Amino acid sequence: MSKFARRAGRTSILPVLLTASWLSAAAHADEAKSDSESKSKSPATVKIDGVFESPKAVEVKPDTEEIQSLKIKRIVPHGTSIEQGRNVVWFETEEVDKRIRDTERELRLAEVALRESEFKHEQFLEAQQLDREAAERTRERARQDHDHFVRVDRDYQVKSAEFSRKNAEFSLANAEEELEQLRKMYREDDLTEESEEIVLKRAEQAVENARFRLEGTENQTTRSIEQLIPRTEVDQEAQLRRAEMAYETKRRELEFARKRRELELDGQRKKFAEQLEDFEELREERDRLVIAAPTAGIVFHGPLNRGAVGDKPSELEPGKSVSADQVIATIVPPRPLRVRLTVPEEHLRHVGKGDRVQVTPNSLPEQSLRGTVRSIATVPYAAGKFDCLVTVNLNDDAERIRPGMGCSVEFETDEVESEPGDDSEKDKSKKDKSKDGDDKDDDESKKDDSKDDDDDKDEDDEDDTDDEKKDDDA
């Protein structure tokens, strides 16, 4: 075979070999990657602790208003199964009975005081009526006096003053005329006896007296018309106004006093009604000092916290004092049950309503129960804590599960996790390094193949040169 043919054969085979080698390596890498991913990755899960609770649990407490402090006399033991209507707790009644007796005595005294106040109020109303009538009479008298003065007395007093002056003038005129007649009579007689002189003197004195009375009457008449009568009119008007004011003041005083007494009496009646109501309620609460179970179930001492029993045992026992609003016991029906749990905020994105979950009771770790998320809160009930309820299917093997027992709830997430002993990040890094190494080897292989091609080409060129020399020699 010629050198040209040998060189052409080698040149055409090398690309085919390189391509086949690269395809085989890539297929092997993809298969290895797929096997590695399928073996090293699986769906991730989140486990959250929960507690089995009954949705029909009922708290038992005194719930009294009048009796604020109670002492336990007897209580059903914790964990006892009880039927509906059976007594759960009994309280001491001695202090309550004494308080009832004292309250009843105070109530009777309050009733007597109320009856007395009502009688005094009736008397007060009658006295007020008399006072009101007296005030009205006083006002009416003042009004009558004023009206009579305006209509009658004022004009009469003026007329009387005028008449007095006129009468005085008439008296003076009569006295003067009588004196003049006596003088004429005595002048006609030349002789004047002593008796006649006496008569003349008396007549003269009568005239002087009449003149003086006339002067006084004129002064008194003028003063009465100009001063006394107008002053009396002003006094009458002022007296009427004062009488009107006194009547209005008295009327208002009587009205205010009546309203005040009515309010006081109404307040006393309301207070008595409240005392009576408190007394009746106290007696009713006395009958409730023995509390019966509102439903059938298991007795838990004290309250449950989100379906769970407290970390410390309950201290409720005979002789223990409790408050009126304190939860004494919780009656929990054993069925149906659900799971209540607290979802941390960082796991909230993995929980959704309607999700299927796996519930594993702490008392039966080998059993796995199916559950469904019934609700998940969107607002935390505490910092970073969200309430979640899960309905669970309890089979016959779960008969031993009771309210208050713990469990774990497993949620699937959208993430994946590596198998134990593997590290996905390390595998990825190794795969990247392996890929880089394969690429590097391919590059080296290509370089070696190119170098071999160059070496073959150089050998072919040397062979061609030798053949040309031999041809030239020939």
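Going by the structure above, here's the rest.
Residues numbered from 1 in each chain as written. Predicted model: local features only at pLDDT ≥ 70, side-chain atom pairs only at ≥ 80, totals over all residues. Heavy atoms only, no water.

With that settled, consider the overall build of the chain. Counting its secondary structure elements, the chain contains four helices and 14 strands. Burial analysis of the chain (474 residues in total) assigns 26% to the buried set. At a minimum sequence separation of 6, the contacts of the chain that also span at least 24 residues come to 81%. Counting every atom, the chain has about 32,400 Å² of accessible surface; 47% of that belongs to carbon and sulfur. (Helix = DSSP H or I, 4+ residues; strand = E, 2+ residues; numbered from the N terminus. Buried < 20%, exposed > 50% of the residue type's maximum accessible area, 1.4 Å probe, protein only. Contact = heavy atoms within 4.5 Å. Areas by Shrake-Rupley, 256 points an atom, 1.4 Å probe, with all protein chains shown as cover.)

Judged by pairing direction, the sheet is antiparallel, and its four strands sit side by side in the order β2-β9-β7-β4 without closing on themselves. Two strands bound the open sheet, and with one partner strand each, they are β2 (58-60) and β4 (81-82). Two elements, β2 and strand β9 (residues 329-332), share three bridges in a ladder whose sense is antiparallel. Residue pairing in the sheet places V60 in a bridge with A329 of β9. (Pairing = 2+ DSSP bridges.)

Turning next to the packing of aromatic side chains. The description of two aromatic rings rests on the distance between their centres and on the angle between their planes. Counting across every chain of the model gives zero aromatic pairs. Sitting above the plane of the W90 ring, R74 keeps its charged end 4.2 Å from the centroid. Over the aromatic face of Y381 sits the side chain of R306, whose NZ or CZ is 4.2 Å from the ring centroid. (Phe/Tyr/Trp six-rings, centres within 6.5 Å; stacked < 30°, edge-to-face > 60°. Lys NZ or Arg CZ within 6 Å of the ring centre and 35° of its normal.)

A word on the pairing of strand β3 (residues 69-75). Of the strand pairs in this sheet, β3 and strand β8 (residues 321-323) are connected by three bridges, and their pairing is antiparallel. Across the sheet, the residue bridging to L70 is V322, located in β8. Relative to strand β5 (residues 87-91), β3 runs antiparallel, the two sharing three bridges. Of the residues in β5, the one forming a bridge with I72 is F91.

What follows is about the pattern of salt bridges. A complete count under the given rule lists 26 salt bridges for this structure. Residues R115 and E118 are paired through a salt bridge, measuring 3.8 Å at the closest nitrogen-oxygen approach. In this pair, R115 and E118 both sit in helix α2 (residues 94-188), three residues apart, roughly one turn of the helix. By relative accessible area, which is 43% here, R115 ends up partly exposed. (Salt bridge = Lys/Arg side-chain N within 4 Å of Asp/Glu carboxyl O.)

Roughly 270 Å³ of internal volume is contained in the second largest pocket. Listed by contribution, the elements that provide at least two residues to the lining of the second largest pocket are β3 and α2. If one sorts the elements of the lining of the second largest pocket by residue count, α2 sits on top with four residues. Taken together, the residues of the lining of the second largest pocket break down into four nonpolar, three polar and six charged. (1 Å grid on protein atoms, 1.4 Å probe; cavity = no way out; pocket = protein on both sides within 12 Å on 5 of 7 lines; lining within 4 Å. Points joined across faces, edges and corners; volume = space filled by probe spheres on them. Nonpolar A, V, L, I, M, F, W, Y, C, P; charged D, E, K, R; others polar.)

On to unusual backbone geometry. P336 follows R335 through a cis peptide bond whose omega is 0 degrees. With respect to the element layout, P336 can be found in the loop between β9 and β10 (338-344). With phi around 55 degrees, D63 is a residue other than glycine that occupies positive phi space. Residue position: D63 is located in the loop between β2 and β3.

Taken together, four strands build an open sheet; the order of strands is β6-β5-β3-β8 and the sheet is antiparallel. At either end of the open sheet lies a strand with only one pairing partner, and these are β6 (290-292) and β8. Adjacent strand axes in the sheet meet at a mean angle of 40 degrees when their direction is disregarded. As paired strands, β5 and β6 are joined by three bridges and run antiparallel to one another. Bridge pairing in β6 links V89 to I291. (Axes fitted to C-alpha atoms, helices over the stretch in contact; angles between N-to-C directions.)

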